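Single-letter residue listing:
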Amino acid sequence: MNKEQIILCGDELYEAMIQRHTLRPFTERFDDINIEDAYNISLRMIERRVAAGEKIIGKKIGVTSKAVQNMLNVHQPDFGFLTDSMAYSEGQEMPISTQLMQPKAEGEIAFILKKDLLGPGITNADVLAATDCVIPCFEVVDSRIENWNIKIEDTVADNASCGLFILGDKAVDPRKVDLATCGMVVEKNGSIISTGAGAAALGSPVNCVAWLANTLGEFGIPLKAGEVILSGSLVPLEPVQAGDFMSVSIGGIGSASVRFV
């Protein structure tokens, strides 16, 4: 793809987000699109968001578990940026009906960094040394691509299908919990709908953060001290709508809950 096409696609995604409408998949429109093109499209979309007053507060890796990969038919992780307008805290209602189009919720573990991480060469030990704490999290992904008909290039271009996220109110030292074996239970409207474990996300959420640091490092982008890093879902995506209430409990870490309005 040429630079003009990349800018056009990034602008299309930004306008689709603002106007709340979906787009035909880029992989159907551009035969030559690759991951680097998609990432540059996402950078243009983020550039528009920052120009409108948003601030980058973190990064995310997505499509990490086999359950999510099979659901979306995307068989490798994606990556994107988090902004302050996406963030909610425990106890806040999340206005998905006015901000999102095709919302799906997923339970995961958020890492809060105290040191920068810049790949390549980042190891799991580096990730743990750079992490201040981990927090239970709900991410609510959304796609600007019609009917979630995505390939990896579509979701990377669309900023890893970022929507909104909510952090629980308890933070723990990642060295005091086994992040590979910790169990997750997700409830929706009072019923258990899914269970998972840390190993569902590329073997461990720590592996996910290392992968993200090394992948973004190829583009010269660090994970920065103070940032929120969403490490990927441990359970299948769950479609949600206004009126739903969800909670996630993670062994050794804590819980988070969210009411959608």
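Keep in mind that what you see is a predicted model, and the values were worked out from it rather than measured.

### What to know about the pairing of strand E7 (residues 164-167)
So, point 1. On E7, burial covers both faces: Leu164 and Ile166 on one face and Phe165 and Leu167 on the other are all buried.
So, point 2. Examined bridge by bridge, strand E3 (residues 87-89) and E7 share three bridges and lie parallel to one another. Looking across to E7, one finds that serine 89 is bridged to leucine 167.
So, point 3. Taken together, the four bridges between strand E6 (residues 131-141) and E7 define a ladder with antiparallel strand orientation. Across the sheet, residue glutamate 139 finds its bridge partner in E7, namely phenylalanine 165.

### A closer look at the layout of surface pockets
So, point 1. Space inside the largest pocket adds up to approximately 210 Å³.
So, point 2. What lines the largest pocket is a set of 15 residues, among which Met17, Arg49, Ser85, Gln99 and Leu164 lie closest to the centre.
So, point 3. Mapped by element, the contributors of at least two residues to the lining of the largest pocket are helix H1 (3-19) and helix H5 (96-99).
So, point 4. Residues belonging to the lining of the largest pocket are distributed by class as follows: six nonpolar, four polar and five charged.

### Regarding the packing of H1 against helix H3 (residues 35-51)
So, point 1. Following both chains from N to C, one finds H1 and H3 inclined at 50°, their axes separated by 8 Å at the closest point. When the axis of H1 is compared with that of H3, the two are oblique. As H1 packs across H3, the resulting crossing turns out to be right-handed. Mapping the contact onto sequence places Ile6, Ile7, Cys9, Gly10, Asp11, Leu13, Tyr14, Glu15 and Met17 in H1 and Asp37, Asn40, Ile41, Arg44, Met45, Arg48 and Arg49 in H3.
So, point 2. Classifying every residue of the contact of H1 with H3 by side-chain character gives eight nonpolar, two polar and six charged.

### Quick look at unusual backbone geometry
So, point 1. Cis geometry is found at the peptide bond from glycine 119 to proline 120, where omega equals 10°.
So, point 2. Mapped onto the secondary structure, proline 120 falls in the loop between strand E5 (104-113) and helix H6 (124-130).
So, point 3. Its identity is not glycine, yet arginine 20 carries a phi of approximately 60°, on the positive side.
So, point 4. Assessed through its relative accessible area of 36%, arginine 20 is described here as partly exposed.
So, point 5. Unusually for a residue other than glycine, serine 161 sits at a positive phi of about 55°.

### As for the side chain of aspartate 154
So, point 1. Tracing the backbone through its elements, the reader meets aspartate 154 in helix H7 (residues 152-157).
So, point 2. Summary of buried charges: aspartate 154 has no salt-bridge partner, and the nearest side chain of opposite charge, lysine 151, is 6.8 Å away.
So, point 3. Looking at aspartate 154, its side chain comes within polar contact range of the main-chain nitrogen of phenylalanine 26, at 2.8 Å.

### Quick notes on the pattern of salt bridges
So, point 1. Summed over the entire model, instances satisfying the criterion amount to 14 salt bridges.
So, point 2. Between lysine 59 and glutamate 227 there is a salt bridge whose closest N-O contact spans 2.9 Å. With lysine 59 in strand E1 (residues 56-62) and glutamate 227 in the loop between helix H8 (205-217) and strand E10 (228-233), this pair connects stretches of sequence that are 168 residues apart. Per residue, the accessibility class of lysine 59 equals that of glutamate 227, and both read buried.

### Brief notes about the nonpolar core
So, point 1. Within the largest apolar cluster, 71 residues are counted, with the highest numbers of intra-cluster contacts made by Phe26, Met94, Ile109, Phe111, Leu117, Leu223 and Phe260.
So, point 2. The greatest single-element share of this core, amounting to seven residues, is contributed by H8.
So, point 3. Excluding residues that lie within four positions of it along the chain, leucine 117 makes contacts with Ile122, Asp126, Val127, Ala130, Val209, Ala213, Pro222 and Leu223.
So, point 4. Counting residues in each nonpolar core, the second largest holds 12 residues, with Leu82, Cys137, Val228 and Leu230 among its members.

### With respect to the environment of isoleucine 61
So, point 1. Relative to the helices and strands, isoleucine 61 resides in strand E1.
So, point 2. Residues isoleucine 61 and aspartate 31, 30 residues apart in the sequence, show an inter-C-alpha distance of 25 Å.
So, point 3. In contact with isoleucine 61, not counting residues within four places along its chain, are Pro77, Asp78, Phe79, Leu202, Cys208, Trp211, Leu212, Leu230, Ser231 and Gly232.

### Focus on the packing of aromatic side chains
So, point 1. Under the counting rule described, the total for this entry stands at five aromatic pairs.
So, point 2. Each ring, one from tyrosine 39 and one from phenylalanine 219, has its centre 4.1 Å from the other, and the planes form 35°; the classification is tilted. Taken together, the positions of tyrosine 39 in helix H3 and phenylalanine 219 in the loop between H8 and E10 put the pair 180 residues apart, joining distant regions of the chain.
So, point 3. The buried category is assigned to tyrosine 39, whose relative accessible area is 1%.
So, point 4. Judged by its relative accessible area of 27%, phenylalanine 219 falls in the partly exposed class.
So, point 5. The structure contains a cluster of three or more aromatic residues connected by ring pairs, namely Tyr39, Phe79, Phe81, Trp211 and Phe219.

Rules behind the numbers
Residues numbered from 1 in each chain as written. Predicted model: local features only at pLDDT ≥ 70, side-chain atom pairs only at ≥ 80, totals over all residues. Heavy atoms only, no water. Buried < 20%, exposed > 50% of the residue type's maximum accessible area, 1.4 Å probe, protein only. Helix = DSSP H or I, 4+ residues; strand = E, 2+ residues; numbered from the N terminus. Pairing = 2+ DSSP bridges. 1 Å grid on protein atoms, 1.4 Å probe; cavity = no way out; pocket = protein on both sides within 12 Å on 5 of 7 lines; lining within 4 Å. Points joined across faces, edges and corners; volume = space filled by probe spheres on them. Nonpolar A, V, L, I, M, F, W, Y, C, P; charged D, E, K, R; others polar. Axes fitted to C-alpha atoms, helices over the stretch in contact; angles between N-to-C directions. Parallel < 35°, antiparallel > 145°, perpendicular 65-115°, else oblique. Left-handed = near helix turned anticlockwise from the far one by under 90°. Contact = heavy atoms within 4.5 Å. Lys, Arg positive; Asp, Glu negative; His and termini not counted. Salt bridge = Lys/Arg side-chain N within 4 Å of Asp/Glu carboxyl O. Polar contact = N/O pair within 3.5 Å; in protein donor to acceptor, adjacent residues only side chain to side chain. Core = buried A, V, L, I, M, F, W, Y, C linked by side-chain atoms within 4.5 Å. Phe/Tyr/Trp six-rings, centres within 6.5 Å; stacked < 30°, edge-to-face > 60°.

Purely spatial values, then, with no claim about function.
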